[in-house]
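# Observations on the model geometry
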Amino acid sequence: MASAKGFTLWFTGLSGAGKSTLAEEISRRLNEQGVGHEILDGDVVRTNLSKGLGFSREDRDTNIRRIGFVAELLTRNDIPVITAAISPYRAVREEVRRKIGGERFVEVFVTASLDELVRRDVKGLYAKALHGEIKNFTGVSDPYEAPTKADVTVNSETETVEESADRIWNHLIDREFIRVEQAVLQG
Ligand code: ADP
């Protein structure tokens, strides 16, 4: 199977919602199908491409514009890109969608209740944020603007990773970004 055309699979959601987990699962499925691609993970981008940027709105928007810029370069050369950054502000997400082109942009909103995220506390950050030890923490002391027209919305509180990934995968197939060739039955 080959990728039919380039696309950007853009995950957005609060810390611990499941962006990286689903990015990795979709990446695993693409590898399984022999489809080359790149992942731009928020944490990795912040230690490389965006080192030194903080968490003010301006710095967050700069971070997202950089991710969007790289995603655009790859997407237009038919290399699928998966991004996994909180990307809390709607305006800059829409700016990236426009630059890449809506027909190649897939926005996936990964949601779960704040209670569930605090219970998970994957990186131990919510406890600190709730105690005021981290300022500008998205969802606790900094805004998160949920998408109003996400292409796919998955709820990691009520769905398994497999179920969420299946819904995203089916969307990619429906839009013909990937083509799953059926095994030809002999005889
Ligand atoms: P983020 O990248 O959004 O900060 P992570 O992917 O690091 O979040 O963490 C999400 C956690 O939620 C993981 O421990 C994962 O196993 C769990 N989880 C449970 N259900 C789901 C689901 N449907 N999709 C994604 N993650 C899920």
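Cut-offs used in this document
Residues numbered from 1 in each chain as written. Predicted model: local features only at pLDDT ≥ 70, side-chain atom pairs only at ≥ 80, totals over all residues. Heavy atoms only, no water. Buried < 20%, exposed > 50% of the residue type's maximum accessible area, 1.4 Å probe, protein only. Helix = DSSP H or I, 4+ residues; strand = E, 2+ residues; numbered from the N terminus. Pairing = 2+ DSSP bridges. Contact = heavy atoms within 4.5 Å. Axes fitted to C-alpha atoms, helices over the stretch in contact; angles between N-to-C directions. Parallel < 35°, antiparallel > 145°, perpendicular 65-115°, else oblique. Left-handed = near helix turned anticlockwise from the far one by under 90°. Nonpolar A, V, L, I, M, F, W, Y, C, P; charged D, E, K, R; others polar. Expected span 1.5 Å × (residues − 1). Arc of directions from axis to C-beta. Near = heavy atom within 4 Å. Areas by Shrake-Rupley, 256 points an atom, 1.4 Å probe, with all protein chains shown as cover.

## Here we look at the pairing of strand β5 (residues 152-155)
Going residue by residue along β5, you find Val 152 and Val 154 tucked away on one face and Thr 153 and Asn 155 left uncovered on the opposite face. Where strand β4 (residues 105-111) meets β5, 4 bridges bridge the pair, whose relative direction is parallel. Bridge pairing in β5 places Phe 109 opposite Thr 153.

## Remarks on helix α4 (residues 90-100)
The set of residues buried in α4 consists of Val 92, Arg 93, Glu 94, Val 96, Arg 97 and Ile 100. Looking at the buried positions of α4, the neighbouring elements they touch are β1 (8-12), α3 (57-76) and β4. Phi turns positive, to about 100°, at Gly 101, one or two residues after α4.

## Some details on the packing of α3 against α4
In the contact formed by α3 and α4, the axes pass within 10 Å of each other and the chain directions differ by 15°. Considered as vectors, α3 and α4 are oriented roughly parallel to each other. At the point where α3 passes α4, the crossing takes the right-handed sense. Here α3 contributes Arg 57, Asp 61, Ile 64, Arg 65, Gly 68, Ala 71, Glu 72 and Thr 75 to the contact with α4, which in turn contributes Ala 91, Val 92, Glu 95, Val 96, Lys 99 and Ile 100. Residue composition of the contact of α3 with α4, by class: 6 nonpolar, 2 polar and 6 charged.

## Quick notes on helix α7 (residues 161-174)
Taking 1.5 Å as the rise per residue, α7 with 14 residues should run 20 Å; its terminal C-alpha atoms sit 20 Å apart, in good agreement. Among all positions in α7, only Ser 164, Ala 165, Ile 168, Trp 169, His 171 and Leu 172 are buried. Looking straight down α7, one finds its buried side chains confined to an arc of 155°; they lie on one side. Contact partners of the buried residues in α7: β1, α1 (19-32), β4 and β5. Looking one or two places after α7, you find Glu 176, whose phi comes out positive at around 60°.

## Some details on the site of the ligand
Taken together, the neighbourhood of the ligand is formed by 17 residues, with Gly 16, Lys 19, Ser 20, Thr 21 and Glu 159 sitting nearest. Relative to its unbound accessible surface of 580 Å², the ligand loses 79% to contact with the protein. Mapped by element, the contributors of at least two residues to the shell around the ligand are α1 and α7. With 4 residues, the top contributor of residues to the shell around the ligand is α1. Considered class by class, the residues forming the shell around the ligand number 5 nonpolar, 8 polar and 4 charged.

## As for the sheet that holds strand β2 (residues 38-41)
Across the sheet, 5 strands lie side by side as β2-β3-β1-β4-β5; this open sheet has parallel pairing. Every interior strand has two partners, whereas the edge strands, β2 and β5, have only one. The mean angle between the axes of side-by-side strands here comes to 15°, regardless of whether they run parallel or antiparallel. Where β2 and strand β3 (residues 81-84) come together, 4 bridges link them in parallel fashion. By the bridge assignment for β3, Ile 39 is matched with Ile 82. Along the sheet face, α1 touches β1, β2, β3, β4 and β5 and points at about 165° away from the line of β3. Packing against the sheet, α7 makes contact with β1, β4 and β5, and its axis sits at approximately 170° to β5.

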